[in-house]
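Structural overview
In case you want the letters, here they are:
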Amino acid sequence: MLPGMKGKPRIAIVGAGNLGCALAISLRKAGYTIEAVIARSRGASLKKAQRLAREIGARAFASRPTSVRADLYWFCVPDSQIARAARALAEQGEWKERIVLHSSGALTSDELAALRGRGAAVASVHPLMTFVRGSRPSLAGVPFAIEGDAAAVRAARQIVSDVGGHAYSIHKADKAAYHAWGTFASPLFTALLATTEQVAGAAGVNRKAARRRMMPILLQTLANYAAFDAAGAFSGPIVRGDVDTVKQHLRVLRDMPAAREVYAALARAALLYLPVKNRNSLKRILAS
Ligand SMILES: NC(=O)c1ccc[n+]([C@@H]2O[C@H](COP(=O)([O-])OP(=O)(O)OC[C@H]3O[C@@H](n4cnc5c(N)ncnc54)[C@H](OP(=O)(O)O)[C@@H]3O)[C@@H](O)[C@H]2O)c1
């Protein structure tokens, strides 16, 4: 914590979106006081902040009033808004001996330069977890990548530990690649599932039924991946080297160019990263 800060810091959440809501609830459960939820303007933005504030016993504001006595501000605004929101809040009140965090996976603590310039200690603190509307996952067991000023990193590590997460250090230069990894793990994985539903459509199965019928194989695949590793979880025509089957797939996907592209790209990745039989023949048909 910062010098002179006793006990848990009082927190203000800036932005009541998907992350802001889940985070505020986990912090509250871990015994933190949420002083304020700060929105960007009146209207819909403030209404969301008020809803969250009611749930966690906080107050909602459309700016940073001097009456808010938070020690730590956690920016949960979209990446594109972090620097702008930091500049706007930097004009409002005293920032010496305050800690400010943001949770972008790609951007570094330098996005908060305006507040650092006013005396705050700043850090980026990214949970490798997905937060969507209507779901508020627990932060227990979640890894958090952290970099920034020493005092802010110290405070962030303590908070992550209190919510049951695992803190680790990341270099600023690694953040973009780190976030590309995270994007594969959830958003692009979801894009693969959406593509999979389209392919089910070609087999006469509608999206809703496809989703229901795929759950057992999806869950078992993840269980195998967790229990073994990618190679141990890999089954199907490519590991067996069934060249004709792969040819047939590529033929039937001709009418679905986007799905065919995804299939070919992932099959090529399998040739690079996974155990495969008939590698050269598969390579040839995937290149054609
Ligand atoms: N969602 C995830 O899975 C996830 C995972 C890890 C990290 N993150 C990070 O978490 C941050 C937030 O992402 P999110 O998915 O939670 O976004 P989101 O659901 O779009 O929520 C962002 C919230 O910020 C508010 N906002 C925008 N500009 C603001 C400002 N200047 N001042 C105060 N509030 C403002 C928005 O409200 P209005 O538009 O109504 O003003 C909205 O409620 C991002 O940095 C993201 O990279 C997200």
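If you're wondering where the values come from, they're calculated on a predicted model, not measured in any experiment. (Residues numbered from 1 in each chain as written. Predicted model: local features only at pLDDT ≥ 70, side-chain atom pairs only at ≥ 80, totals over all residues.)

This paragraph deals with the overall build of the chain. Counting its secondary structure elements, the chain contains twelve helices and eight strands. For the chain, the spread of C-alpha atoms along the principal axes amounts to about 70 × 35 × 30 Å. Burial statistics for the chain: of 288 residues in total, 30% are counted as buried. Here the contacts in the chain between residues at least 6 apart in sequence split such that 58% fall between residues at least 24 apart. (Helix = DSSP H or I, 4+ residues; strand = E, 2+ residues; numbered from the N terminus. Buried ≥ 20, exposed ≤ 12 C-beta atoms within 10 Å, placed from the backbone. Contact = placed C-beta atoms within 7 Å.)

Packing of helix H7 (residues 187–202) against helix H8 (residues 207–227) brings their axes to within 9 Å, and their N-to-C directions diverge by 110 degrees. Overall, the two elements H7 and H8 adopt an arrangement that is roughly perpendicular. In this structure, H7 meets H8 at a crossing whose hand is right-handed. Across from Thr196, Glu197, Ala200 and Gly201 in H7, the residues of H8 making contact are Arg207, Ala210, Arg211 and Met214. (Axes fitted to C-alpha atoms, helices over the stretch in contact; angles between N-to-C directions. Parallel < 35°, antiparallel > 145°, perpendicular 65-115°, else oblique. Left-handed = near helix turned anticlockwise from the far one by under 90°.)

Next up on the list: helix H1 (residues 18–29). Between the first and last C-alpha of H1 there are 17 Å, a value that for twelve residues agrees with the 16 Å anticipated at 1.5 Å per step. Residues Leu19, Gly20, Cys21, Ala22, Leu23, Ala24, Ser26 and Leu27 constitute the buried set of H1. In the core, the buried residues of H1 are packed alongside strand E1 (11–14), strand E2 (34–38), helix H2 (44–56) and strand E4 (72–75). (Expected span 1.5 Å × (residues − 1).)

Taken together, 26 residues sit near the ligand, with Gly15, Gly17, Leu19, Arg40 and Ser45 positioned nearest. Elements with a minimum of two residues in the shell around the ligand: H1, H2, helix H3 (79–90) and strand E6 (121–127). Of the residues belonging to the shell around the ligand, the class tally is twelve nonpolar, eleven polar and three charged. (Near = placed C-beta within 6 Å. Nonpolar A, V, L, I, M, F, W, Y, C, P; charged D, E, K, R; others polar.)

Counting 58 residues, the largest nonpolar core has Ile13 and Val37 as its most contacted members. Each residue touching Ile13, except ones within four places of it in the same chain, is listed here: Gly20, Leu23, Ala24, Ile34, Val37, Trp74 and Cys76. (Core = buried A, V, L, I, M, F, W, Y, C linked by C-beta atoms within 7 Å.)

A few words on the sheet that holds strand E5 (residues 99–102). As a general point, the strands of a sheet are linked pairwise by backbone hydrogen bonds and lie either parallel or antiparallel. The strand order E3-E2-E1-E4-E5-E6-E7-E8 describes an open sheet built from eight strands, whose pairing is mixed. The outermost strands of the open sheet, each flanked by one partner alone, are strand E3 (59–61) and strand E8 (166–169). Each neighbouring strand pair of the sheet contributes to a mean axis angle of 25 degrees, computed without reference to strand direction. As defined by bridge partners, E4 adjoins E5 across four bridges and the pair is classed as parallel. Opposite Tyr73, over in E5, you have Val100 as the bridge partner. (Pairing = 2+ DSSP bridges.)

Let us now look at the environment of Ala58. Checked against the element boundaries, Ala58 lands in the loop between H2 and E3. Judged by the 25 C-beta atoms lying within 10 Å of it, Ala58 falls in the buried class. Spatially, the C-alpha atoms of Ala58 and Leu112 are 24 Å apart, while their sequence positions differ by 54 residues. If we ignore the near neighbours within four places in the chain, the residues touching Ala58 are Ile34, Glu35, Ala36, Val37 and Ala53.

Residues Ile11 and Ile13 of E1 are buried on one face, and the alternating residues Ala12 and Val14, pointing to the opposite face, are buried as well. Crossover handedness for the path E1 to H1 to E2: right-handed. As paired strands, E1 and E4 are joined by four bridges and run parallel to one another. Its bridge partner lying in E4, Ile13 is registered against Trp74. (Right-handed = clockwise from strand over helix to strand, strands pointing away.)

We now examine the environment of Ala227. With respect to the helices and strands, Ala227 occurs in helix H8. A count of 9 C-beta atoms within 10 Å places Ala227 in the exposed class. Residues Ala227 and Ala90, spaced 137 residues apart in sequence, show a C-alpha to C-alpha distance of 48 Å.

A word on the domain arrangement of the chain. A common way to report how large an interface is uses the accessible area buried once the components associate. Under the domain assignment used here, the chain contains domain 1 (11–173) and domain 2 (186–287). A straight line from the C-alpha centre of domain 1 to that of domain 2 covers 38 Å. (Domains from an automatic or database assignment.)

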